[in-house]
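What follows is the residue order along each chain.
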Amino acid sequence: MIKTKAPLTYLFIFSITLVLGSINGTCLYAQKAFTDYDGIILSKSKEPLENVFVHLADKSTGTNTDSHGVFHLRIPVKMPVRVVFKGMNLAGFQKVIFREGKTAGLDTIILVEQQKGLEDVRVTADKKREETGLIAVDASQARVNPSAVGGIEGLLKTFVGSNNELTSQYSVRGGNYDENLVYVNGFEIYRPFLVSSGQQEGLSFINADLTDNVRFYTGGFQAKYGDKLSSVLDVQYQQPEKNGGSAYLSLLEQSLSLKGVSDNQKFTYLVGLRNKTNRNVVKSQATAGNYIPSSSDLQGLFVYRFSPAFRMEFLGDYNKTKFLFYPEQTKLTASVFSPYYVANYGVNIDFEGSERDYYSTGFAGLTGVITPNDHTELKVMASYYQDKEKQSQDIVGAYEFGERDENGNILDDPDNLLGMGVNQSYARNNLHINVFSLQHQGSWKGGAHYLQWGAALQRQMIDSKINQWNYSDSAGYSLPVGGSELDLSSYMNSRDKFNIQRVSGYLQDNVHFGKTSVYTLQYGVRANYNDLNDEFLISPRAGFSFKPGGWKRDVVFKASAGMYAQPAFYREMVTMDGSLNKGIKAQKSMQGVLGLDYQMRLFNRPARLTSELYYKHLYDVIPYDIDNVRIQYYGQNNAKAYVAGLETRLFTQFVKGADSWLSLGIMQTKEKIDGLSYENYYNQSGELITASSVDKVATDSASHQVGWLRRPTDRLITFGMFFQDYLSTDKNFKVYLNTIYGTNLPFNIPGSTRYRNALEIPAYLRMDIGFSALLLDGSKPRKKHAPFKGVQHIWASFEIFNLINRDNTISYMLLKDFKNDTYALPNRLTPRLVNFKIAVDW
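Criteria and cut-off values
- Residues numbered from 1 in each chain as written.
- Predicted model: local features only at pLDDT ≥ 70, side-chain atom pairs only at ≥ 80, totals over all residues.
- Heavy atoms only, no water.
- Helix = DSSP H or I, 4+ residues; strand = E, 2+ residues; numbered from the N terminus.
- Buried < 20%, exposed > 50% of the residue type's maximum accessible area, 1.4 Å probe, protein only.
- Contact = heavy atoms within 4.5 Å.
- Areas by Shrake-Rupley, 256 points an atom, 1.4 Å probe, with all protein chains shown as cover.
- pLDDT = per-residue confidence, 0-100.
- Core = buried A, V, L, I, M, F, W, Y, C linked by side-chain atoms within 4.5 Å.
- Pairing = 2+ DSSP bridges.
- Axes fitted to C-alpha atoms, helices over the stretch in contact; angles between N-to-C directions.
- Phe/Tyr/Trp six-rings, centres within 6.5 Å; stacked < 30°, edge-to-face > 60°.
- Polar contact = N/O pair within 3.5 Å; in protein donor to acceptor, adjacent residues only side chain to side chain.
- Patch = residues over 30% accessible without salt bridge, like charges linked within 9 Å, V, L, I, M, F, W, Y side chains within 5 Å.
- Salt bridge = Lys/Arg side-chain N within 4 Å of Asp/Glu carboxyl O.

Trainee: How should I be thinking about the overall build of the protein in this particular structure?
Mentor: Broken down by element type, the protein carries six helices and 45 strands. Here the protein, with 842 residues, has 54% of them falling under the buried criterion. Taking contacts inside the protein between residues at least 6 apart in sequence as the whole, the part at least 24 apart equals 68%. About 37,000 Å² of surface is accessible on the protein, with carbon and sulfur atoms providing 55% of the total.

In structure tokens, the structure reads:
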């Protein structure tokens, strides 16, 4: 344990001083020496070509085209230079470029397929195939993917699975929602912390209409990424090359985005405005009432190029979400309520009161980027994040339950009535979080090496006030029974205000070597320190890939191993009674991944198969329960855990020109909680009394030490599919099918370690389908005065959510009968719904 952060602080200050001091000299020199050469590379059929290597003839380093075929290369001014374009299975091409100094528009390059042998083509590294856990997501698919949550996260769920269509959060390889890192243009993004159900969520930070590149790591990620245990979502917004925009209107969400470039090409902007009103979705749930959800955000990215060597970027966002709910009545049904009865039971609950939730977040990030030469890039980044959350709830529900008749009504018979009572839920929670961050990042390319480094200072200011409780009155008695005192079923109360200072840094190198065969080695280390508990963490990480050169099959083998740590932020500190354990340690893991990437032809069309085997050993684990999307930690590092699994994905075109994919995961994750024991109770007949009747009076008991238990995210099989097709007679009419399946999950009785794994959430199965038609194609010739002259495309879509109308379960409601037995009633998710959307691009 190191109790000083001075060495890292001095290193950070020295790096910032060095970078700021070099701005004037390097920028003036580079302004005279270089300019930007931008272009787009297309195939003979006008399709964009990804990963084409572009470089100057006298240099071995250069750049690669992105998923849209676009490249950005810096070249000397006032002198002719020869630019070389090379790609796998493509004929090489060279072009002489001469620039006076001003950046021109996009240059279009057409490359044709290689007619000679592969020995004439330089083998270049394909970065998206080299790294373990990496999925390159096509952001354009987010618009057409039929999903109730929509956006980039809706696409991710087809890869990692889901059990809740109302949330944009996701679980990756046995991790929970808090274990996922999200970056936008290099800035770490946070979500609201008090949200307890998917229906309370609003818009996620990521605006899919502004997004360009998306890199999603499901594990084994590099040292340059931060301190979480499970995944990284790295999003880069667009760099506009011309003026334009897009808009869409649907029953659930509305959006307008604008982009543009100044006449001198120095200033670019992206602006996005969104509004989400998913009232039609949430009001379809089992609880009838007045739902008033709304969420809107305004987001912008502004870039100014002072010179070819220096630019400034500003990323800003303001998001406001409101959820008002006035419940009236709910009717829940379950076929089996207890081990003693098999019948059609139900509960009727009449409500009074309301729930009022308000969440607002603001973000501002400023980045200065210096590129003194073709090999070096230096960044200075400053950001501020503000989160204000307020939850107010006071709902009383009077219930009665028993056997239902054929019409779904509870039988009006005293002998049939199993129980009745009152539940009251109360909450007055407030949370304010402010995060200030200052960081430096740099990279240097030279020969076979790509060196990256960074250092960051962060100050987190947390002001938390929690006051919530639940009261249950069953058959005239308050539960749990406490004599003459009023006992609450659950109670959380705390008031905390504190600051955390964090220092972090990383250093890593990516090495490419080999001629016929291609090898890559990625190794690095990450360090993290915080003054809340003086914990200093070191996380070494390494990855390796190998592509045999003599094989006829295009296969890349890869592996990675490393240590990962997740220092507690806010939610991990909150204990079961609402107090904060500020001395809690970071959760830690050691991870290993083995994988392969195989590119091939399937149905005479391009296909790619990826497969990875992974194992995680976790220690200093903080146990938790998940109820809907609410994660309640136990506030102690008193467990260890493991995750083991296999993931396989197939990317192909089942229909020519229409990308589709299949994803299959097999996983097991379990935990062992230190010192946890339980007692099995038996009745007079010697029968074991199960968790569904935990408060029965027992005549005998036996104590057992709890061993390995299923974690709340333990899902054996996960399957996802995204499929698209079109009419053979008209490709402008398309269909998209999104399917997600996951086997059962354990459900823990909230707040009870004794009855962990007491219940199971049944398998989740959901199919969403969308149909779209191109109403206007701006690429076709039109009359001079035709309407919508400046419009590129107009699409209309019709979507059906939960096509098979399956009743998926998200959690359970626990009730008591007259005998004080406990019963579990499933809380269902959304039924079949329809949505209509129209989208315009110009």
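Trainee: What's the story with the confidence of the model for the protein in this structure? I'm lost.
Mentor: A low pLDDT score tells you not to read the predicted coordinates there in detail. Across the protein, pLDDT averages 85, with 86% of residues at or above 70. Per-element averaging of pLDDT across the protein places helix α2 (residues 23-33) at the bottom with 44 and strand β9 (residues 180-184) at the top with 97. Residue range residues 1-32 is modelled with pLDDT below 50. Its contacts to residues more than four positions away, or to other chains, number 43 contacts. In this model residues 335-342 is a low-confidence stretch, pLDDT under 50, and it forms 19 contacts with partners more than four residues away in sequence or in other chains.

Trainee: What's the story with helix α5 (residues 151-160) in this structure? I'm lost.
Mentor: Residues separated by three or four positions in an α-helix point in the same direction, a consequence of the helix having 3.6 residues per turn. Counting buried residues along α5, nine of its ten residues qualify, which places the element largely inside the surrounding structure. I152, E153, G154, L155, L156, K157, T158, F159 and V160 are the residues of α5 that are buried. G161 occupies a position one or two residues after α5 and carries a positive phi of about 85 degrees.

Trainee: Where do I start with unusual backbone geometry in this structure?
Mentor: Both trends apply: most residues other than glycine have a negative phi, and most peptide bonds are in trans. Of note in the backbone geometry, R173 takes a positive phi value of approximately 45 degrees without being a glycine. Position of R173 among the secondary structure elements: in the loop between α5 and β9. We classify R173 as buried; its relative accessible area is 5%.

Trainee: Help me understand the nonpolar core in this model?
Mentor: A general trend in soluble globular proteins is that nonpolar side chains are found buried together. In this structure, F216, L233, Y237 and Y570 are the most contacted members of the largest nonpolar core, which totals 62 residues. Ranked by residues supplied to this core, first place goes to α5 with five residues. Discounting residues that sit within four places of it in the chain, Y237 has contacts with V184, N185, F205, I206, N207, L210, T211, D212, L270, Q299, L301 and L315. A639, V643, M667 and L709 belong to the second-largest nonpolar core, a separate cluster that totals 21 residues.

Trainee: Where do I start with the sheet that holds strand β6 (residues 93-97) in this structure?
Mentor: In a beta sheet, neighbouring strands pair by backbone hydrogen bonds and run either parallel or antiparallel. One open sheet accounts for four strands, arranged β3-β2-β5-β6; its pairing is antiparallel. Bordering the open sheet on either side are β3 (62-64) and β6, each of which pairs with just one other strand. Between one strand axis and the next, the sheet turns by 20 degrees as a mean value, whatever way the strands run. Inspection of the sheet shows strand β2 (residues 53-56) paired to strand β5 (residues 81-86) by four bridges, in the antiparallel sense. Each residue of the ladder has a partner; that of L56, found in β5, is V83.

Trainee: What is the right way to look at the sheet that holds strand β4 (residues 70-76) in this model?
Mentor: With respect to topology, three strands assemble into an open sheet ordered β4-β1-β7, the strand pairing being mixed. Looking along the sheet, the strands with just one partner apiece sit at the ends: β4 and β7 (107-110). Direction aside, neighbouring strands of the sheet carry axes that sit 35 degrees apart on average. Inspection of the sheet shows strand β1 (residues 34-42) paired to β7 by four bridges, in the parallel sense.

Trainee: Just checking my understanding: could you explain the packing of aromatic side chains for this structure?
Mentor: Two aromatic rings are characterised by how far apart their centres lie and by the angle between their planes. The tally for this structure, following the rule as stated, stands at 37 aromatic pairs. Relative to F401, the ring of Y399 lies with its centre 6.2 Å away and its plane at 25 degrees, an arrangement referred to as stacked. Looking at F401, the relative accessible area reads 0%, which means it is buried. Through pairs of rings, three or more aromatic residues link up here, namely F159, F651, W661, F722 and Y736.

Trainee: Just to check I follow, could you spell out the environment of W453 for this structure?
Mentor: If you trace the backbone, W453 turns up in strand β21 (residues 449-474). Taking relative accessible area as the criterion, W453 reaches 24% and is therefore assigned partly exposed. When the C-alpha positions of W453 and Q508 are compared, they lie 6.3 Å apart, and in sequence the two are 55 residues distant. With near-sequence residues (within four places) excluded, W453 lies in contact with L378, H440, Q441, G442, S443, W444, Y506 and L507. A polar side-chain atom of W453 sits 3.0 Å from a polar atom in the side chain of H440.

Trainee: How do you make sense of the environment of K819 when you look at a structure like this?
Mentor: Structurally, K819 can be placed in the loop between β43 (809-816) and β44 (822-828). Relative accessible area serves as the criterion here: at 63%, K819 is assigned to the exposed category. Residues K819 and L418, spaced 401 residues apart in sequence, show a C-alpha to C-alpha distance of 8.6 Å.

Trainee: Please explain a nonpolar patch on the surface as it appears in this structure.
Mentor: Together, L594, L613, L646, L664, I666, L716 and I717 make up an exposed nonpolar region whose accessible area comes to about 580 Å². Locating L613 in the fold gives a position in strand β28 (residues 605-621).

Trainee: Explain the pattern of salt bridges here, please?
Mentor: Side-chain pairs of opposite charge can arise whenever the charged atoms involved come near each other. Under the defined criterion, the tally for this structure stands at 28 salt bridges. For the salt bridge of R129 with D597, the shortest nitrogen-to-oxygen distance reads 2.8 Å. A residue pair is termed long-range when its members are at least 10 positions apart, and R129 in helix α3 (residues 127-130) and D597 in strand β27 (residues 587-602) qualify at 468 residues. Classification of R129 by relative accessible area gives buried; the value is 2%.

Trainee: Just to check I follow, could you spell out the pairing of strand β12 (residues 231-237) for this structure?
Mentor: The side chains of a regular strand alternate, first on one face of the sheet and then on the other. Burial of β12 is extensive: six of the seven residues sit out of reach of the surface. Pairing analysis gives five bridges linking β9 to β12, with the strands arranged parallel. Bridge pairing in β12 places L181 opposite V232. Note that strand β11 (residues 211-217) and β12 share six bridges and pair antiparallel.

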